[in-house]
Amino acid sequence: MVNEGRVRTMTRAAIFEEGKGKKAIPAGGYYRSDYMFIQLLKGFFWGTIAFGLLAGLVVLYGMDSLMAKAATMDPMQIVVMAAVTYVLFIVAYLVICCIRGYRIYQRNEKEIKIYEKMLKRLEKLYE
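Calculation rules
- Residues numbered from 1 in each chain as written.
- Predicted model: local features only at pLDDT ≥ 70, side-chain atom pairs only at ≥ 80, totals over all residues.
- Heavy atoms only, no water.
- Core = buried A, V, L, I, M, F, W, Y, C linked by side-chain atoms within 4.5 Å.
- Buried < 20%, exposed > 50% of the residue type's maximum accessible area, 1.4 Å probe, protein only.
- Helix = DSSP H or I, 4+ residues; strand = E, 2+ residues; numbered from the N terminus.
- Contact = heavy atoms within 4.5 Å.
- Disulfide = S-S within 2.5 Å.
- 1 Å grid on protein atoms, 1.4 Å probe; cavity = no way out; pocket = protein on both sides within 12 Å on 5 of 7 lines; lining within 4 Å.
- Points joined across faces, edges and corners; volume = space filled by probe spheres on them.
- Nonpolar A, V, L, I, M, F, W, Y, C, P; charged D, E, K, R; others polar.

**Student:** Sorry, what's going on with the nonpolar core here?
**Tutor:** In globular proteins that are soluble, nonpolar side chains generally tend to be buried together. If you look at the biggest cluster of nonpolar residues, it comprises 6 residues: Ala13, Phe16, Ala24, Ile112, Tyr115 and Met118. Within the residue set of this core, elements represented by two or more residues are helix H1 (4–18) and helix H5 (75–126). Not counting the four nearest positions on each side in its chain, Ile112 is found in contact with Ala24, Ile25 and Gly28. Ala27, Met36, Ile104 and Tyr105 belong to the second-largest nonpolar core, a separate cluster that totals 5 residues.

And the structure:
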């Protein structure tokens, strides 16, 4: 005889594993600090690429005025200004990555707890 309770619980568990569980289960294997470090590392990498692309676009867009002012500009001042802008951009980007990563980790933690309860309920149904 087929136990309908077991079938429902197994179906819910399978739906979770195929849907939200694909991202939640691997993320649940990390401690919070490790997960946050990985998110910040990825954020630093992608933030640097984004800043480079944005800086390139700004330079290309303002090429006319840049060439006109090139003779009067101090190269050291330009480097310092670019470095300060980069640091401010990266700090803001990493704060956003940290907040987003923390929220995702919390959500995944809740979903994994619900999933573990389903598995425990399923185990009890087999006893």
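After that view, the rundown keeps rolling.
**Student:** Is there a simple way to think about the state of the cysteines in this case?
**Tutor:** Working definition of a disulfide: a covalent bond connecting the sulfur atoms of two cysteines. Counting across every chain of the model gives 0 disulfides. In this model Cys97 remains outside any disulfide bridge; the closest cysteine sulfur is found in Cys98, 8.7 Å from its own. In this structure Cys97 comes out as buried when scored by relative accessible area, which is 15%. With a relative accessible area of 32%, Cys98 lands in the partly exposed category.

**Student:** Can you walk me through the environment of Tyr31 in this structure?
**Tutor:** Secondary-structure assignment places Tyr31 in the loop between helix H2 (21–27) and helix H3 (32–61). Sequence separation between Tyr31 and Ile104 is 73 residues; the distance between their C-alpha atoms is 13 Å.

**Student:** Could you clarify how one ought to interpret the layout of surface pockets in this entry?
**Tutor:** Empty space within the largest pocket amounts to approximately 500 Å³. In terms of lining, the largest pocket is formed by 16 residues, of which the most central are Val58, Val59, Leu66, Ile78 and Met81. Among the residues making up the lining of the largest pocket, the classes are represented as 10 nonpolar, 4 polar and 2 charged. Size it by volume and the second largest pocket reaches roughly 260 Å³. Together, 11 residues line the second largest pocket, and Lys20, Lys23, Tyr35, Ile104 and Asn108 are the ones closest to its centre. Put simply, the parts of the chain that give the lining of the second largest pocket at least two residues each are H2 and H5. Here the lining of the second largest pocket gets 4 residues from one element, more than from any other, and that element is H5. Partitioning the lining of the second largest pocket into residue classes produces 5 nonpolar, 2 polar and 4 charged.

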